[in-house]
Amino acid sequence: MDTKKCKKCAEEIKKEAKQCKHCGTKQGIGPCGVCGIIFGLFILFVITGGGNSTQKNITTKVDNGKNDGSYAVVCAQNEVEKSLKSPSTADFPWGIQGTPLGNDKYLVSSYVDAENSFGAEIRTYFVCNVTVIDTKSFKCQTECAF
Ligand SMILES: [Zn+2]
């Protein structure tokens, strides 16, 4: 017969006993019962809580304006370089920042120094409206005015 010790008086009692026959102390849930509850909660978390936390992460990413703003700047620079005669000579100033307009849209306004078709370095000012579509692949919808 399997026995266990009472939590309170340490007398031997039946393993499945819910109450000690010596002192009457309730034995509560055994270790396996606790395991079952934890396992059950874990399953519940995976099914319901897990999904919620994934959604939370996505929301946090979108809300991280500074991060997405820098993506918008990269997109704007790529777009500006496309319009230059010599993209390899493009020299953007440090610290360009995108102004968040909401809904993943940013206004990027700055200038670029680059050589024109005559080999002379000229400064071109630009204003780009950037919508960040995918931050992983620098995918943006970009419209620039010079
Ligand atoms: Zn007892």
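Keep in mind that what you see is a predicted model, and the values were worked out from it rather than measured.

Draft legend 1. Representation of the overall build of the chain within the structure. When helices and strands are counted, the chain shows two helices and six strands. Listing each helix as α and each strand as β along the chain from the N terminus yields β-β-α-α-β-β-β-β. A total of 146 residues make up the chain; the buried ones form 13% of that total. Nonlocal contacts in the chain, meaning residues at least 24 apart in sequence, comprise 37% of its contacts between residues at least 6 apart.

Draft legend 2. Inspection of the nonpolar core at higher detail. Ranked by internal contacts, the top residues of the largest apolar core, which has 14 residues, are Ala72, Cys75, Ala76, Val108, Val130 and Val132. If you list the elements that add at least two residues to this core, you get α2 (65–83), β4 (105–115) and β5 (121–134). The element contributing the most residues to this core is α2, with six residues.

Draft legend 3. View of the environment of Cys20. Within the secondary structure layout, Cys20 lies in the loop between β2 (12–14) and α1 (31–63). Of the residues examined, Cys20 has 21 C-beta atoms within 10 Å and is grouped as buried. The sequence separation of Cys20 and Lys8 amounts to twelve residues, and the corresponding C-alpha distance is 8.7 Å. Setting aside residues up to four positions removed in sequence, Cys20 forms contacts with Cys6, Lys8, Cys9, Glu11, Ile13, Thr25 and Gln27.

Draft legend 4. Here's a closer look at the sheet that holds β4. Pairing within the open sheet is antiparallel, and its four strands lie in the order β3-β4-β5-β6. The strands lining the two open edges of the sheet, one partner per strand, are β3 (98–102) and β6 (139–145). Direction aside, neighbouring strands of the sheet carry axes that sit 30 degrees apart on average. Relative to β5, β4 runs antiparallel, the two sharing eleven bridges. Bridge pairing in β5 links Ser109 to Val127.

Draft legend 5. Region of the structure containing the environment of Gln77. With respect to the helices, strands and loops of the structure, Gln77 is situated in helix α2. On the basis of neighbour count, Gln77 is assigned to the buried category, with 21 C-beta atoms found within 10 Å. Along the chain, Gln77 and Tyr111 lie 34 residues apart, while their C-alpha atoms are 9.6 Å from each other.

Draft legend 6. Focus on unusual backbone geometry. Of note in this structure, Ala10 is not a glycine but carries a positive phi near 65 degrees. The exposed category is assigned to Ala10, around which 11 C-beta atoms lie within 10 Å. In the Ramachandran plot, Asp104 falls in the positive-phi region, its phi being about 65 degrees despite a non-glycine side chain. In this fold, Asp104 is placed in the loop between β3 and β4.

Draft legend 7. Broad picture of the pairing of β4. Summarising the sheet, β3 and β4 pair through four bridges and their orientation is antiparallel. Considered in β4, the bridge of Gly102 is made with Lys105. Between β3 and the antiparallel strand that follows it, β4, lie two residues; Asn103 among them carries a positive phi value of about 55 degrees.

The rules behind each value
Residues numbered from 1 in each chain as written. Predicted model: local features only at pLDDT ≥ 70, side-chain atom pairs only at ≥ 80, totals over all residues. Helix = DSSP H or I, 4+ residues; strand = E, 2+ residues; numbered from the N terminus. Buried ≥ 20, exposed ≤ 12 C-beta atoms within 10 Å, placed from the backbone. Contact = placed C-beta atoms within 7 Å. Core = buried A, V, L, I, M, F, W, Y, C linked by C-beta atoms within 7 Å. Pairing = 2+ DSSP bridges. Axes fitted to C-alpha atoms, helices over the stretch in contact; angles between N-to-C directions.

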